[in-house]
Amino acid sequence: MTKTTEVASVKTHRAATSRRRTKASGTSRPQGRRTWGQLLRGATPWLFLAAPLVLLITFTYVPVGNMIYYSFTDWDGISPDRNFTGADNYVQIFTRPELFRVFFVSFYYLAASVAQIAIALYFATVLSFDLRFRNLFKGLLFFPYLINGVAIGFVFLYFFQDGGTLDSVLSWFGAETDHAWLGDPESANTSLAGVSVWRFTGLNFVLFLGAIQSIPGELYEAAQLDGATRWQQFRHIIAPSIRPVLSLSIILAISGSLAVFEIPYIMTGGATGTSTFVIQTVKLAFQFNKTGLASAAAVVLLLIILLITWIQRRLVPDEKVDLV
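Quick summary incoming for the structure in this document. (Residues numbered from 1 in each chain as written. Predicted model: local features only at pLDDT ≥ 70, side-chain atom pairs only at ≥ 80, totals over all residues. Heavy atoms only, no water.)

The interhelical angle for the contact between helix H4 (residues 106-127) and helix H8 (residues 185-213), taken along N-to-C directions, is 35 degrees, at an axis separation of 6 Å. The two elements H4 and H8 cross, and the hand of that crossing is right-handed. Its residues assigned to classes, the contact of H4 with H8 shows 18 nonpolar, seven polar and one charged. (Axes fitted to C-alpha atoms, helices over the stretch in contact; angles between N-to-C directions. Helix = DSSP H or I, 4+ residues; strand = E, 2+ residues; numbered from the N terminus. Left-handed = near helix turned anticlockwise from the far one by under 90°. Nonpolar A, V, L, I, M, F, W, Y, C, P; charged D, E, K, R; others polar.)

And the structure:
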């Protein structure tokens, strides 16, 4: 009986040991699979982001880095020789009046941006209410933004030429029509800024209209029950609600007024005092073969836009708007 008991206890001990080993080996394998699955789940977002990151680095950050490097050289854009000149290109930009004077042309487009924001905000507010043919007016306002900038330049080139469309319309009202609209700097820049208002008002209009339509209708109903007028609804409901979009529009307006290119380049080529900073930069690089100086001008423009954007964000910070 004693031997039988010992044999039984030995078998029981071996079976328990075997079960423990099996259990241990069984738990280790799923744990290993879970670890691999966690690694795979952690790497999945980066796998999806790999292609966009490669494209972003290749076509954005690498060219910007090269531009900054070229701005410290005298490279002509063709020769393989790039002599380091330090900050000489930047000194020329700020000390040569003919290079820095073009910034004053941006004030015309900045004033035009203020006008287009005001016009877009007015029509977005009016067309957000229930009016007849409002969808038709929405399409008419947004349509100019869909047209190619080069086509717009050629259309308005004939519009402002001597004896063109504008002179013909003015003659119907007995106005004098012997004025060269693109012949002197003041009228030329004013005309070009007016074209930019016609083209980009639709973009601001869509931004404002989307923000206004996101406001809950219960606020308007409560305001109408309290006897609020349309102006009071705009002042106390619409204006505070669209403040983030308005801030974005101001940033786009300032940066756009500094980086105007298409319309003045097509219509005047920068002549008669209409050259903008971008047109001058393009001419420096491809007409005068001063790629190093043009790169420095592009860096200065980038820094100015970033500085203005930072100042605007500090002065008018985004506030969370509670519409409920």
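Once you've had a look at it, read on.
What follows deals with the side chain of Gln 116. Examined against the element boundaries, Gln 116 turns out to sit in helix H4. Once residues lying within four places of it in the same chain are set aside, the contact partners of Gln 116 are Ser 196, Val 197, Phe 200, Thr 201 and Asn 204. (Contact = heavy atoms within 4.5 Å.)

A few words now on unusual backbone geometry. Of note, the phi angle at Phe 133 is positive, near 60 degrees, even though the residue is not glycine. By the secondary structure assignment, Phe 133 is in the loop between H4 and helix H5 (134-146). Judged by its relative accessible area of 54%, Phe 133 is exposed. Backbone geometry places Thr 272, a non-glycine residue, at a positive phi of 50 degrees. On the secondary structure map, Thr 272 appears in the loop between helix H12 (262-267) and helix H13 (277-286). (Buried < 20%, exposed > 50% of the residue type's maximum accessible area, 1.4 Å probe, protein only.)

Moving on, we get to the pattern of salt bridges. A full pass over the atoms with the stated rule returns one salt bridge. Between Glu 262 and Arg 199 there is a salt bridge, with the nearest N and O atoms lying 2.6 Å from each other. On the criterion of sequence distance, the pair formed by Glu 262 in helix H12 and Arg 199 in helix H8 is long-range, its members being 63 residues apart. (Salt bridge = Lys/Arg side-chain N within 4 Å of Asp/Glu carboxyl O.)

Along the chain, Phe 154 turns up in helix H6 (residues 149-160). Taking C-alpha positions, Phe 154 is 8.7 Å from Ile 263, a pair spaced 109 residues apart along the chain.

All right, on to helix H10 (residues 230-241) then. Compared with the 16 Å implied by 1.5 Å per residue over 12 residues, the 15 Å span of H10 between its first and last C-alpha is a close match. Here H10 has its buried residues at Gln 233, Phe 234, Ile 237, Ile 238 and Ser 241. All buried residues of H10 fall inside an arc of 125 degrees around its axis, so they share one side. The exposed residues of H10 that point more than 90 degrees off its buried face are Trp 231, Arg 235 and His 236. Contacts made by the buried residues of H10 are with H4, H8, helix H9 (217-225) and helix H11 (243-258). (Expected span 1.5 Å × (residues − 1). Arc of directions from axis to C-beta.)

With that out of the way, let us pick up the packing of aromatic side chains. Taken as a whole and assessed by the stated rule, the structure comprises 15 aromatic pairs. Residues Phe 103 and Phe 277 carry aromatic rings whose centres are separated by 4.3 Å and whose planes lie at 25 degrees to one another, so their mutual orientation is stacked. Of this pair, Phe 103 sits in the loop between helix H3 (97-100) and H4 while Phe 277 is found in helix H13, placing the two residues 174 residues apart along the sequence. Each member of the pair, Phe 103 as well as Phe 277, is classed as buried. Among the aromatic residues, those joined into a ring-pair cluster are Phe 156, Phe 159, Phe 160 and Trp 198. If you follow Arg 82 out to its NZ or CZ, it ends over the ring of Trp 75, 4.5 Å from the centre. (Phe/Tyr/Trp six-rings, centres within 6.5 Å; stacked < 30°, edge-to-face > 60°. Lys NZ or Arg CZ within 6 Å of the ring centre and 35° of its normal.)

Contact pair H11 / helix H14 (residues 291-315): the axes reach a minimum separation of 10 Å and the direction vectors enclose 155 degrees. One element, H11, and the other, H14, form an angle in the roughly antiparallel class. Here the hand of the crossing between H11 and H14 comes out right-handed. Facing Ser 247, Ile 250, Ile 251, Ile 254, Ser 255 and Leu 258 of H11, the residues of H14 in contact are Leu 301, Ile 304, Ile 305, Ile 308, Thr 309, Gln 312 and Arg 313. Class assignment of the residues belonging to the contact of H11 with H14 gives a composition of eight nonpolar, four polar and one charged. (Parallel < 35°, antiparallel > 145°, perpendicular 65-115°, else oblique.)

In short, shape yes, function no, at least from these values alone.
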